[in-house]
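An overview of the molecular structure
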Amino acid sequence: MTKQEAITNEEAEELRIGAFICECGVNIAGAVDCNAVADYISTLPNVTTAVVNKYTCSDAGQEEIKKAIKDLDLNRVLVASCTPKTHEPIFRACVEEAGLNPYLFEFVNIREHCSWIHMWEKEDATKKAKELVRMGVARAALLEPLQSSEVPVTNKALVIGAGVTGMQAAMDIGDMGFQVYLVEAGPSIGGKMAQLDKTFPTNDCSICILGPKMVEVNRNPNIEIMSYSEVEEVDGYVGNFDVKVKHKARYVDINLCSGCNSCVEKCPVEVPYWEFNEGIGTRKAVYVPFPQAVPLRALIDKSICIDCGACSKACERGAINMDQEDTFSELEVGVIVVCVGYDVYDPEPNHDFGFGLYDNVITTMEFERLINASGPTMGKVVRPSDVVQPKRIGFVQCVGSRDVNSNIYCSSFCCMASLKNAQLIKEKYPDTEVYIMYMDMRTPFRMYEEFYNRARDMDIHFIRGRPAEVTENEDKNIIARIEDTLTNKIENLELDMMVLSVGAVSPESTEKIRQILKVSRAADGFMMEAHPKLKPVDTTLDGIFIGGMTQGPKDIPYSISQGSACAARATRFLAQGKALTEGITIAVDEDICVGCGVCVPMCPFQALKMDDDGKLEIIKALCKGCGTCAVACPSGALQQSHYKNNQILAQVKEVFAYEEV
Amino acid sequence: MSDFEPDILTFCCNWCSYAGADLAGVSRLQYPTNSRVIRVMCSSRVEPIHILEALKEGTDGILVTGCHIGDCHYIEGNIHTDERMKEIVDALEHLGLRDRLHLEWVSAAEGKKFQETITDFVEKIRALGPNPLKNNKKEE
């Protein structure tokens, strides 16, 4: 065991390491012989005790650690259990309560990185666990105490995205007494919910319940709405984020405009209104987003404006300003809540079910605008080809969802949305034949199954299956060839209009903000939470939260709950006024540093600079502890604490030094 | 040679690839027992000396994993990793050890990719045979 003898500690104090091996019920013990691991570890130098726990993270397990620290005078603690991503903070706090510096704790992952991935190789898994723990012991011997620092928290919040989730988050933070900047990329707050006609399961008029909420957000003295604005840059860390926001030019002074529409009436340029009406109906080059918009102010689409000046002449208040330019704000906030929402799946590129080929195949969102009383047809449902009211309407479920060719996930709200739209049609035009073509109807949560039953009682035809082939006849009717898999009957269903129940996708436009913030992206493209069960609105970044559709498809009640959850999680920092930052930073040995400055450009956070005397200065508050600069340092003067060279090399040297004892 | 089991050392960054390895575990994706993970905060913390020491100690293959370019928690740490690994690979070329080092980007959502990366690398090193420095060490 010459190798282990070589790892002697330079400190004077005698090393006393306590190792706690967790069985995690059978999660670890099922594949790893934990007692054999403990027996082996107890033979290693500096190990005072090695014990096996059923669940080390339980109260009893943690008490055992604390007791051992006191009784056995331990000065290093190692736990071999699950992942540090979830449990390191728990055990650090545990050893700290027993008087040990939390950075003298070493974590070894023998569950995610061993027992769970080698479930049927007990012998090899046990050997691997022994080696992993031995690496940990070697590293634990070289750990040094560190101090995490307390930083003040700017008591303001930034909420990005003002759909219903972001609005809820902003209102809750505002109501708790903190100032909120609510940044919205579009010209009005409200998000997708403002476009919907009715909402399930109560068939409330969407804008009738959202409109008052939008006004409330606007009235809240603690919320500053920044519409038609985008976050450009974010620097800093929890409690101290510096944010640069771009306010896109509206070419209308929002302080002067009253949203009266006189300019809109005079504008001669008219284009399809894609942004709000899905291309059904038109808007002018100067337009007010929609009647309930907040702020209720006009804006000019410069890309189609012909500079005729008609709007300027029409505006009595002189609000039109064609020379307006983008402006920028610099904000300081303590926390950031991201609620940037979703896009509906676009069936156009693949021509799913004939979309884009046949006029009378439309999407749910187009249908919402058609049936909406304040929509482009004033609520009259007509089909695109001849503007005639359709007598036979079919809804196709799972378009862009639960499909290996597009997205494998379930978008969760589309079954209920089609049930709702089918009911609305039956209520409005009782003679209409309505079909829902589905794979499975998914109606969890309160009142949803009842809502489904109600639809079944309304003479709506449910066909379990989806069209295999879609064609169009000379009347522009849609012929859907479909098998009802419950009866094995194949039929050619003739429809006047077919509505594709499109799912949700993560918008490409949100990729920029995701990269600015460095939030991870999950396999489905949506942003990733810190833990799928325990931390559903946190990210792995302190002080940054995600809510609503940003994290994946959800319906409105779920999104609003997440908005409130984000507010509660974020406000913890604001209310305490302080946050702890990681103790892991870079440190320079001034005796070794020659002041060459190679490290300075390596740091993306400007934490390193050369002072006037040619000496390296480290700004600890800016250092995030990545260690990039340490590798660049040619003299070895820079060392990343907790990941010092000797600490990593101890693991490297121990990794395959296993010898049976 | 048939019973040769390569010793693989895998460096994981705290934010992406370590979480990817965790996801492989949570998803119970099975892969060979040959690899041992060392966690660093960023893949850019991996120094040439860590790799050379590992090879000197007889490790048969070394995987360095990190966030995808553009996803680095430290903005551009993995860009430095990429540059440095290219240089180390060049140096290893002269020592005849080039294929024993591999760099791979694995996101926190790519448990499957982590599983496949380890599995493929183990197979590749198995085919390559033991690290020649391993024998030197035994003779010492």
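Everything below is about the structure printed above this text.
Cut-offs and rules
Residues numbered from 1 in each chain as written. Chains lettered and ligands numbered in written order. Predicted model: local features only at pLDDT ≥ 70, side-chain atom pairs only at ≥ 80, totals over all residues. Heavy atoms only, no water. Helix = DSSP H or I, 4+ residues; strand = E, 2+ residues; numbered from the N terminus. Expected span 1.5 Å × (residues − 1). Buried < 20%, exposed > 50% of the residue type's maximum accessible area, 1.4 Å probe, protein only. Pairing = 2+ DSSP bridges. Axes fitted to C-alpha atoms, helices over the stretch in contact; angles between N-to-C directions. Contact = heavy atoms within 4.5 Å. Core = buried A, V, L, I, M, F, W, Y, C linked by side-chain atoms within 4.5 Å. Buried area = accessible area lost by both parts, 1.4 Å probe. Polar contact = N/O pair within 3.5 Å; in protein donor to acceptor, adjacent residues only side chain to side chain. Nonpolar A, V, L, I, M, F, W, Y, C, P; charged D, E, K, R; others polar. Phe/Tyr/Trp six-rings, centres within 6.5 Å; stacked < 30°, edge-to-face > 60°. Salt bridge = Lys/Arg side-chain N within 4 Å of Asp/Glu carboxyl O. Disulfide = S-S within 2.5 Å.

As a further point, take helix α13 (residues 414–428) of chain A. For α13 of chain A, spanning 15 residues, the distance from its first C-alpha to its last is 21 Å, which sits close to the expected 21 Å at 1.5 Å a residue. Among the 15 residues in α13 of chain A, 13 count as buried, and that is most of the element.

Turning our attention to the pairing of strand β1 (residues 8–13) of chain B. All names here are of chain B. Of all six residues in β1, six are buried; the element is thus mostly enclosed. Residues I8, T10 and C12 line one face of β1 and the alternating positions L9, F11 and C13 line the opposite face, and both faces are buried. Looking at chain direction, β1 and strand β2 (residues 35–40) are connected through six bridges and run parallel. In the sheet register, C12 faces β2, and the bridge partner there is R39.

A word on the sheet that holds strand β23 (residues 461–464) of chain A. Residue and element names in this part refer to chain A. Here five strands make up an open sheet; going across it, the order is β20-β27-β21-β22-β23 and the pairing parallel. The sheet is open, and its two edges are formed by β20 (361–363) and β23, each paired on a single side. Taking each pair of neighbouring strands and ignoring which way they run, the sheet shows an average axis angle of 25°. Strand direction decides the pairing type here: strand β21 (residues 392–399) and strand β27 (residues 497–502), joined by five bridges, are parallel. Residue pairing for β27: I393 is matched across the bridge by M497. Relative to β20, helix α12 (residues 364–371) is tilted by about 85°, and along the sheet it contacts β20, β21 and β27. Where α13 meets the sheet, it contacts β21, β22 (433–438), β23 and β27, and its direction lies at approximately 170° from that of β21.

All names here are of chain B. Where burial is concerned, most of strand β3 (residues 61–66) is hidden: six out of the six residues are buried. Across the two faces of β3 the burial is the same, with G61, L63 and T65 and I62, V64 and G66 all buried. Relative to β3, β1 runs parallel, the two sharing four bridges. Bridged to I8 within β3 is G61. With five bridges joining them, β3 and strand β4 (residues 101–105) adopt parallel strand pairing.

Right, let's talk about the nonpolar core for a bit. Residues and elements named next belong to chain A. Core analysis: the largest hydrophobic core is formed by 95 residues, its most contacted members being I41, V77, I110 and V133. Contact partners of I110, with chain neighbours within four places excluded, come to I21, C22, I28, A80, S81, S115, A129, L132 and V133. Counting 59 residues, the second largest nonpolar core, distinct from the first, contains Y342, F355, Y429 and M498.

For the rest of this paragraph, the subject is the interface of chain A and chain B. On the chain B side, the residues contacting the 54 residues of chain A number 52 residues. Taken over both partners, the interface formed by chain A and chain B buries close to 4600 Å², and the fraction arising from carbon and sulfur atoms is 59%. When the buried surface of chain A facing chain B is broken down by residue, K518, V631 and F656 of chain A rank first, second and third, together holding 14% of it. There are 21 residue pairs in polar contact (both at pLDDT 80 or more) connecting chain A and chain B. For the side of chain A that touches chain B, the secondary structure elements donating two or more residues are α4 (84–97), α5 (111–115), α6 (122–140), α15 (511–517), α17 (628–632), β34 (638–640) and α18 (645–654) of chain A. When the residues that make up the side of chain A that touches chain B are grouped by side-chain class, the tally is 25 nonpolar, 15 polar and 14 charged.

Residue and element names in this part refer to chain A. As enumerated under the stated definition, the model contains 16 aromatic pairs over all chains in all. Ring centres of F200 and Y448 lie 5.5 Å apart, and the angle between their planes is 90°; on these two criteria the pair is classed as edge-to-face. In this pair, F200 sits in the loop between β8 (198–199) and β9 (204–205) while Y448 sits in helix α14 (residues 448–456), placing the two residues 248 residues apart along the sequence. With a relative accessible area of 4%, Y448 lands in the buried category. Here F276 and F290 contribute two aromatic rings whose centre-to-centre distance is 4.4 Å and whose plane-to-plane angle is 10°, an arrangement assigned as stacked. Of this pair, F276 sits in helix α10 (residues 274–277) while F290 is found in the loop between β15 (286–287) and β16 (299–300), placing the two residues 14 residues apart along the sequence. Just as F276 is buried, F290 falls in that class too.

A word on the environment of I336 of chain A. All names here are of chain A. Position of I336 among the secondary structure elements: in strand β18 (residues 335–338). Between the alpha carbons of I336 and V238 there is a distance of 8.8 Å; along the sequence they are 98 residues apart. With near-sequence residues (within four places) excluded, I336 lies in contact with L158, I160, V234, F241, V243, L517, G543, I544 and F545.

Right, let's talk about the pattern of salt bridges for a bit. Tallied over the full model, the rule gives 43 salt bridges over all chains. Residues joined by salt bridges that share partners form a network here, namely E511, R514 and R521 of chain A together with D71 of chain B.

It is worth spelling out the state of the cysteines at this point. A covalent bond between the sulfur atoms of two cysteines is referred to as a disulfide. Inspection of every chain in the model, using the stated rule, returns two disulfides over all chains. Disulfide pairing is shown between C205 of chain A and C208 of chain A; the S-S distance is 2.2 Å. Between C205 of chain A and C208 of chain A, the disulfide has an S-S torsion of 75° and is therefore right-handed. Among the residues examined, C205 of chain A registers a relative accessible area of 24% and is labelled partly exposed. Residue class for C208 of chain A comes out partly exposed when judged on its relative accessible area of 47%. Through a disulfide, C16 of chain B is tied to C67 of chain B; the S-S separation comes to 2.4 Å. On the sign convention where negative means left-handed, the S-S torsion of about 95° between C16 of chain B and C67 of chain B marks this disulfide as right-handed. Residue C16 of chain B is located in the loop between β1 and α1 (17–26), and its partner C67 of chain B is located in the loop between β3 and α3 (77–95); the two are separated by 51 residues in the primary sequence. Side by side, C16 of chain B and C67 of chain B carry an identical accessibility label, which is buried. Unpaired in this structure, C623 of chain A has its nearest cysteine sulfur neighbour in C629 of chain A, at a distance of 6.5 Å. When its relative accessible area of 16% is taken as the criterion, C623 of chain A is described as buried. Note on C42 of chain B: no disulfide assigned, nearest cysteine sulfur contributed by C72 of chain B at a separation of 4.1 Å.

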